[in-house]
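One letter stands for each residue in the lines below.
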Amino acid sequence: MEDEHVKRIIETVLERLESKEEIAISAHPDDYILTESNVLYDLLIFADEVFDADSTCEGNALIVRFRNGQNFRIGVEEIF
């Protein structure tokens, strides 16, 4: 793994531990469990870095409010 990738993983884990969010840590990269809130949190981080908009979490969805008045609701649901 590249140093920046490892740094982002460590920062994300520390943020989730601080916020008391659920996380799953494994010694094997293919053996992990995500929750809807984990995916939603990552989408929130992505939205904050990419979109020129206000992003918030609401239930199992990301609400993105653009300055031009458009609003989007991006839902997260695990498929079994």
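Every value quoted in this text rests on a predicted model; they were computed, and no experiment measured them.

Q: Any chance you could break down the environment of Ala61 for me, citing the residues and the numbers?
A: With respect to the element layout, Ala61 can be found in strand β2 (residues 61-66). Those residues within four positions of Ala61 in sequence are excluded, and the remaining contacts are Leu40, Thr56, Arg73, Ile74 and Gly75.

Q: Account for the environment of Asp54, naming residues and giving values.
A: Note that Asp54 resides in strand β1 (residues 53-58). According to the relative accessible area criterion, Asp54 is partly exposed, its value standing at 48%. Each C-alpha atom, one on Asp54 and one on Asn71, is 9.5 Å from the other, the two residues being 17 residues apart in sequence. Dropping the residues within four chain positions of it, Asp54 is found in contact with Ile63, Val64, Arg65 and Arg67.

Q: Describe the packing of aromatic side chains, and please don't skip the residues or the numbers.
A: One pass over the structure, following the stated rule, counts 3 aromatic pairs. Ring centres of Phe46 and Phe51 lie 6.1 Å apart, and the angle between their planes is 80°; on these two criteria the pair is classed as edge-to-face. Residue Phe51 is classed as partly exposed on the basis of its relative accessible area of 29%. Between Phe51 and Phe66, the aromatic rings sit 5.4 Å apart at their centres with planes inclined by 70°, giving edge-to-face as the arrangement.

Q: Give me the nonpolar core: which residues, what numbers.
A: Proteins that are soluble and globular tend to have nonpolar side chains buried together. Counting 7 residues, the largest nonpolar core consists of Leu40, Leu44, Ala47, Ala53, Leu62, Val64 and Val76. Per element, the largest residue contribution to this core is 3 residues, and it comes from helix α2 (residues 36-50). Setting aside residues up to four positions removed in sequence, Val64 forms contacts with Phe51, Ala53, Asp54, Ser55, Gln70, Asn71, Phe72 and Ile74.

Here is what the cut-offs are and how they apply
Residues numbered from 1 in each chain as written. Predicted model: local features only at pLDDT ≥ 70, side-chain atom pairs only at ≥ 80, totals over all residues. Heavy atoms only, no water. Helix = DSSP H or I, 4+ residues; strand = E, 2+ residues; numbered from the N terminus. Contact = heavy atoms within 4.5 Å. Buried < 20%, exposed > 50% of the residue type's maximum accessible area, 1.4 Å probe, protein only. Phe/Tyr/Trp six-rings, centres within 6.5 Å; stacked < 30°, edge-to-face > 60°. Core = buried A, V, L, I, M, F, W, Y, C linked by side-chain atoms within 4.5 Å.

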